[in-house]
Amino acid sequence: EIKLISVGGVKDALDPIIADFTKATGHTVKYTAGSPGVVSQKLAAGEAFDVVVQSVPAMNDLAKLNGIKPETRVAVSRGGIGVAVHPNAQAPDLSTADAFKKTLMAAKSIGVGDPAVPNGSGVVIQRILAAAGIMDAIKDKVKVVGLDPGQQLIAKGELELGLMNASEVRSYLKFAGHVPAPLQDYTNYDVAITTKAASAGAATALA
């Protein structure tokens, strides 16, 4: 059994990888996915996992705690920010940076992640809004919400749109598209074998 922990932003990508790996090798993967804060807390508390996938800054923090085998650390993916709306809503224009800014200016309410949460999407979204130069103009309609509670508010019609990791837009909403270049900002993710890995050979094969 291999114990894998990752942040939620890569779960949709990891699920089929785990299924293929299990089928090909016969190994069992016990998979835990959580918010960046939860993953960091579990690892810092000494919970035993074999493989970890998380953002580069979070992996740097874990490396400082001697939580990973440095030679096993590899960059694996990056994820951008997307826009989600009610399933019956017309998808807003996100084709250019100017169109994106106009969409946010016209929106009645905008849900975002908490920028106070380290290594979360809220930090990235704040950088995007700052780069767009519209933070002051839209601050009164921006609501800090959790990932799933925020999406549920969009589904209920209580929020017009939300900014979040594109990989975490739930199927019950309409994915309107990615934040366009040059305003897009990314979270980069690494994989590593932990120093507590019990099945180093199998864990390396999964990584």
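The paragraphs below set out a description of the structure included in this document. On a predicted model such as this, the values are computed, not experimentally measured, just so you know.

**Structural notes on the packing of aromatic side chains**
Part 1 of the argument: This model, assessed by the stated rule, comprises zero aromatic pairs.
Part 2 of the argument: Looking at R78, its charged tip hangs above the ring of Y186, at a distance of 3.7 Å from the centre.

**Regarding the nonpolar core**
Part 1 of the argument: I2, L4, L43, V51, V52, V53 and L206 are the most contacted members of the largest nonpolar core, which has 26 residues in total.
Part 2 of the argument: Of all the secondary structure elements, the ones that give two or more residues to this core are β1 (2-7), α1 (11-25), α2 (36-44), β3 (51-55), α3 (56-64), β9 (186-193) and α8 (200-206).
Part 3 of the argument: With residues up to four places along the chain from it excluded, the contact list for V51 reads I2, K3, L4, I5, V191, A192, I193, T194, A203, L206 and A207.
Part 4 of the argument: Counting 22 residues, the second largest nonpolar core, distinct from the first, contains I81, A97, I125 and I128.

**Describing the side chain of D50**
Part 1 of the argument: Relative to the assigned elements, D50 resides in the loop between α2 and β3.
Part 2 of the argument: This buried residue, D50, is left without a salt bridge; K3 holds the nearest opposite charge, at 6.8 Å.
Part 3 of the argument: At 2.7 Å, the side chain of D50 and the backbone nitrogen of K3 are in polar contact.
Part 4 of the argument: A distance of 2.7 Å separates a polar side-chain atom of D50 from the backbone nitrogen of A198.
Part 5 of the argument: Leaving out residues up to four positions away in the same chain, D50 has contacts with E1, I2, K3, A192, I193, T194, K196, A197, A198, S199 and A203.

**What to know about the pairing of strand β2 (residues 29-34)**
Part 1 of the argument: Sheet analysis places β1 next to β2, joined by six bridges and oriented parallel. Each bridged residue has a counterpart across the sheet, and for I5 the counterpart in β2 is T32.
Part 2 of the argument: Following the backbone out of β1, through α1 and into the adjacent parallel β2, one traces a crossover that is right-handed.

**A short note on the layout of surface pockets**
If you roll a probe as big as a water molecule over the atoms, it shows you where there is empty space left.
Part 1 of the argument: What the largest pocket holds in volume is close to 520 Å³.
Part 2 of the argument: Along the walls of the largest pocket sit 34 residues, with P36, S121, L147, N165 and E168 positioned nearest its centre.
Part 3 of the argument: Only α1, β2, β5 (110-112), α5 (121-132), α7 (147-155), β7 (161-165) and β9 provide two or more residues apiece to the lining of the largest pocket.
Part 4 of the argument: Split by residue class, the lining of the largest pocket holds eleven nonpolar, 18 polar and five charged.

**Topic: unusual backbone geometry**
Part 1 of the argument: Here the amide bond leading from A181 into P182 is cis, since omega sits at 5°, within 30 degrees of zero.
Part 2 of the argument: Secondary-structure assignment places P182 in the loop between β8 (174-178) and β9.
Part 3 of the argument: At N66, a position not held by glycine, the phi torsion is positive, near 60°.
Part 4 of the argument: One can find N66 in the loop between α3 and β4 (74-85).

**Focus on the side chain of Q184**
Part 1 of the argument: Relative to the assigned elements, Q184 resides in the loop between β8 and β9.
Part 2 of the argument: The class of Q184 is buried, set by a relative accessible area of 14%.
Part 3 of the argument: Only 2.9 Å separates the side chain of Q184 from the backbone nitrogen of I81, close enough to count as a polar contact.
Part 4 of the argument: Ignoring anything within four residues of it in the chain, the contact list for Q184 reads G80, I81, I128, H178 and V179.

Rules used in this analysis
- Residues numbered from 1 in each chain as written.
- Predicted model: local features only at pLDDT ≥ 70, side-chain atom pairs only at ≥ 80, totals over all residues.
- Heavy atoms only, no water.
- Phe/Tyr/Trp six-rings, centres within 6.5 Å; stacked < 30°, edge-to-face > 60°.
- Lys NZ or Arg CZ within 6 Å of the ring centre and 35° of its normal.
- Core = buried A, V, L, I, M, F, W, Y, C linked by side-chain atoms within 4.5 Å.
- Buried < 20%, exposed > 50% of the residue type's maximum accessible area, 1.4 Å probe, protein only.
- Helix = DSSP H or I, 4+ residues; strand = E, 2+ residues; numbered from the N terminus.
- Contact = heavy atoms within 4.5 Å.
- Lys, Arg positive; Asp, Glu negative; His and termini not counted.
- Salt bridge = Lys/Arg side-chain N within 4 Å of Asp/Glu carboxyl O.
- Polar contact = N/O pair within 3.5 Å; in protein donor to acceptor, adjacent residues only side chain to side chain.
- Pairing = 2+ DSSP bridges.
- Right-handed = clockwise from strand over helix to strand, strands pointing away.
- 1 Å grid on protein atoms, 1.4 Å probe; cavity = no way out; pocket = protein on both sides within 12 Å on 5 of 7 lines; lining within 4 Å.
- Points joined across faces, edges and corners; volume = space filled by probe spheres on them.
- Nonpolar A, V, L, I, M, F, W, Y, C, P; charged D, E, K, R; others polar.

All quantities given are derived from atomic positions and should not be read as evidence of function.
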